[in-house]
Amino acid sequence: MFVLIGYGIVIFSIFGGFIMAGGHIAALLQPIELLMIFGGAAGAFLVGNDAKTIRATIKVLPSLLQGSQYSKRLYMDLLAMMFEILTKIRKDGMMSIEKDVENPENSAVFGKYPKLLKDHHLIDFICDYLRLMLSGNMDAFQIENLMDNDIETHDAESHIVSHAIAKMADGMPAFGIVAAVMGVVHTMESVGSVPPAALGALIAQALVGTFLGILLGYGFIGPLASLLEQKHAESSKMLQTTKVIMIASLNGYAPTIAVEFGRKVLFSTERPGFIELEDHIKEARTK
């Protein structure tokens, strides 16, 4: 929603200001300039990225129009779920969660948190390291190092798409200049064959190319890369919170303390208060 609102503000401010200054909006409607800019940028995007990146970019674009799913409630659900898992382990032993780990979709514990269950990467992360804990052959330091590498890989993979979009945005002004130069070339070759008044219109059309390239790059495409980076940061925060809780548990801390470690990792905008989280955990356990 905010993406569309932001685009609306950009359009209203730029084009509205142009009209209020006495400009004619029809002068900015240059489909050939748009063809040059978008066509050049799309072609360069295909050349500069492999098939995996292109598919991932196409797949992620619709999600940019949606709001963030990582709300304070979702983080509280994560803390509550981890508390319940660790409490079950502490009470009944590691083997008590074996069925939950092997089949989280049918687990009574995971089933209480359907929104978390939809995040397959998070659930796989939790189940994978619970399996390692079940094996009993790795200490906390080894698992923490492996978690760090796993999260680092997740971050690197997530940033591929945002970097591809950012590079495309950076190239839009350059393609706008290319379109403007082509327009100037056309204008110069028209000298002597068209009336002098028409030359001014041709130059104006050429300048529109530069304008559109900069506007599209910094007003429309570039912000998408920034938004995607923020979404990736929130996704990584879920994994970091889970990691801190599990490592605290491996080091012998009680579930209540381990979850408190995880609460401290959260951003201040989503971090619940101690009593607030305690009440949420009690509510979740009664489901």
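For the structure, check the block above.
Owing to the predicted nature of the structure, the values given are computational and were not obtained by experimental measurement. (Residues numbered from 1 in each chain as written. Predicted model: local features only at pLDDT ≥ 70, side-chain atom pairs only at ≥ 80, totals over all residues. Heavy atoms only, no water.)

Whenever I open this one, the environment of His24 confuses me. Can you help?
Structurally, His24 is set in the loop between α1 (2-20) and α2 (31-48). Each C-alpha atom, one on His24 and one on Tyr129, is 62 Å from the other, the two residues being 105 residues apart in sequence. (Helix = DSSP H or I, 4+ residues; strand = E, 2+ residues; numbered from the N terminus.)

Can you walk me through the packing of aromatic side chains in this structure?
Aromatic ring pairs are defined here through the distance separating the ring centres and the angle between the ring planes. On inspection of all chains with the given rule, the structure shows five aromatic pairs. Ring geometry for Phe15 against Phe211: centres 6.0 Å apart, planes inclined by 80°, an arrangement best described as edge-to-face. Of this pair, Phe15 sits in helix α1 while Phe211 sits in helix α9 (residues 196-250); the two residues are 196 residues apart in sequence, bridging distant segments of the chain. For Phe211, a relative accessible area of 26% corresponds to the partly exposed category. A centroid spacing of 6.5 Å and a plane angle of 35° characterise the contact between Tyr70 and Tyr75, whose relative ring orientation is tilted. A relative accessible area of 2% places Tyr75 in the buried class. Above the face of the Phe267 ring, Lys237 is positioned so that its terminal group lies 4.5 Å from the ring centre. (Phe/Tyr/Trp six-rings, centres within 6.5 Å; stacked < 30°, edge-to-face > 60°. Buried < 20%, exposed > 50% of the residue type's maximum accessible area, 1.4 Å probe, protein only. Lys NZ or Arg CZ within 6 Å of the ring centre and 35° of its normal.)

Is there a simple way to explain α2 in this structure?
Helical periodicity: at 3.6 residues per turn, an α-helix aligns residues three or four positions apart in one direction. Taking 1.5 Å per residue, 18 residues should reach 26 Å; α2 reaches 25 Å between its end C-alpha atoms and fits that length. When α2 is considered as a whole, its buried residues turn out to be Glu33, Ile37, Ala41 and Phe45. Each buried residue of α2 lies within a common arc of 90° when the element is viewed along its axis, so the set occupies one face. Among the exposed residues of α2, those oriented more than 90 degrees off its buried face are Pro31, Ile32, Leu35, Leu46 and Val47. Where α2 is buried, its residues touch α3 (51-60), α8 (140-189) and α9. (Expected span 1.5 Å × (residues − 1). Arc of directions from axis to C-beta. Contact = heavy atoms within 4.5 Å.)

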